[in-house]
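One letter stands for each residue in the lines below.
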Amino acid sequence: MEKRRAVVTATGSYFPPKIVPNSFFEGYLDTNDEWIRTRTGISERHYVEKGVASSDLAVEACKRLLKKRGIGPEEIDGIVFGTVTPDMMYPSSACLLQDKLGATNAYGFDLSAGCCGFVFSYTTGAMMVESGRYDKVLVVGADVCTTFLDMNDRNTCILFGDGAGAVLLEPSGKDEGMLDTIQHVDGSGGKFLYMAGGGSLNPTSAETVEQNLHTVHQEGREVFKHAIMKMADVAVEVVEKNGFSLEDVDLFVPHQANIRIIESVAKRMKLPKEKVIINIDKFGNTTAATIPSCLDQAVETGRLKKGDLVVIASFGAGFTWGSALIRW
Ligand SMILES: CC(C)(COP(=O)(O)OP(=O)(O)OC[C@H]1O[C@@H](n2cnc3c(N)ncnc32)[C@H](O)[C@@H]1OP(=O)(O)O)[C@@H](O)C(=O)NCCC(=O)NCCS
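About the cut-offs
- Residues numbered from 1 in each chain as written.
- Predicted model: local features only at pLDDT ≥ 70, side-chain atom pairs only at ≥ 80, totals over all residues.
- Domains from an automatic or database assignment.
- Helix = DSSP H or I, 4+ residues; strand = E, 2+ residues; numbered from the N terminus.
- Near = placed C-beta within 6 Å.
- Nonpolar A, V, L, I, M, F, W, Y, C, P; charged D, E, K, R; others polar.
- Expected span 1.5 Å × (residues − 1).
- Buried ≥ 20, exposed ≤ 12 C-beta atoms within 10 Å, placed from the backbone.
- Pairing = 2+ DSSP bridges.
- Axes fitted to C-alpha atoms, helices over the stretch in contact; angles between N-to-C directions.

Points about the domain arrangement of the protein
Looking at the protein, the domain boundaries give domain 1 (5–175) and domain 2 (179–327). Placing a centre on the C-alpha atoms of domain 1 and another on those of domain 2 gives a separation of 14 Å. Counting only elements with at least two residues in the side of domain 1 that touches domain 2, the list comes to strand 1 (5–14), strand 3 (44–47), helix 5 (117–130), strand 6 (137–144) and strand 7 (162–172).

Here's the deal with the site of the ligand
The local shell around the ligand holds 21 residues, among which Thr 31, Gly 220, Phe 224, Ala 257 and Asn 258 are the closest. Of all the elements in the fold, those that place two or more residues in the shell around the ligand are helix 2 (33–40), helix 7 (220–241) and strand 12 (309–316). Examining the composition of the shell around the ligand, we find that 5 residues originate from one element, helix 7, more than from any other. Across the shell around the ligand, the residue classes break down as 10 nonpolar, 8 polar and 3 charged. Composition of the shell around the ligand by domain shows at least three residues from each of domain 1 (5–175) and domain 2 (179–327).

Section: helix 5
In this model, helix 5 (14 residues) spans 20 Å end to end at C-alpha, consistent with the 20 Å of a helix rising 1.5 Å per residue. The complete set of buried residues in helix 5 reads Gly 117, Phe 118, Val 119, Phe 120, Ser 121, Tyr 122, Thr 123, Gly 125, Ala 126, Met 128 and Val 129. Residue Gly 132 follows helix 5 closely and has a positive phi angle near 95°.

A look at the sheet that holds strand 5 (residues 107–111)
Spatially, 5 strands are ordered 1-7-6-4-5 in an open sheet, and the strand pairing comes out mixed. Only two strands of the sheet have a single partner each, and these edge strands are strand 1 and strand 5. Put simply, the sheet's adjacent strands are angled 20° from each other on average, direction ignored. Sheet topology note: the strand 1/strand 7 ladder contains 9 bridges and is antiparallel. Within the sheet, the bridge partner assigned to Ala 10 lies in strand 7 and is Leu 168.

Rendered as structure tokens:
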């Protein structure tokens, strides 16, 4: 008997309407459009208005997904919500999304894995479906990255945007869907990318605000170096371990942190440009939302078709990194 596998049956994405071009930063920081575009590949990003949280972006992405699939929210039985910017400490954004969406028969939880929020959530959701216990799992990646931006730090504030993406996983008896997945963490890399305030170590206080502990701290060069090596290695590993060659890959959907990281990883994988999905130019790094929004856009534009061999891969704070091999 064929193994019960998890296939993506619908996708959705949503970005808040406010567009912030690179010229916004030129107005008050020592930076310019040319530096940002050539060093990161980003031209613009979307920001939420005050009061809009991760679950609000997620609910829009999920509504679009449900409409495409033609089912009601009550059919969903699981929600895995990848995010590092949940609406609040608790309840989880998965609970808030469940309520806003009306997914009355779903249980769910948040998954915190930095920029690997979607890859880890997708893997978890797929295993829930493979287990036989769940039939319709929503896997969401949504982040309001403006939550943690220090708008006076030119090294980081130009990089991130807000957005959400989602996929629906359902069972299949055929040899399709998630074929394999490889995930890693290495906590010794935590010191290179973190937000120290607001947790149990440094609960929010006047001092933590004064010390600027509620914004992202990143050693960009260190993260950059590790991201290229680890993303490429794990993506190649998941392909070759399953008896495929890199030439068999129809589409590579990498996390969107920096165009130079994406190009270096694609080069190490010997993939031509046509096989790599990129949306960082329009949206920046949206953390957990990058891969599901790219998948949605690839489906919508016809670049991703049934039967394609797809590799998703990411690297993020933790360090976390991972890759999944998917027969679409
Ligand atoms: C942050 C990042 C874009 C910086 O690009 P870089 O080419 O590595 O630049 P460097 O860090 O080497 O800095 C080069 C110079 O540019 C400066 N610089 C940084 N940001 C700048 C900006 N927005 N505008 C102009 N100059 C800038 C630096 O201050 C530095 O100046 P110095 O040499 O006088 O100190 C890049 O390291 C990166 O993308 N890192 C990974 C980010 C990431 O993936 N994060 C999320 C985890 S998934």
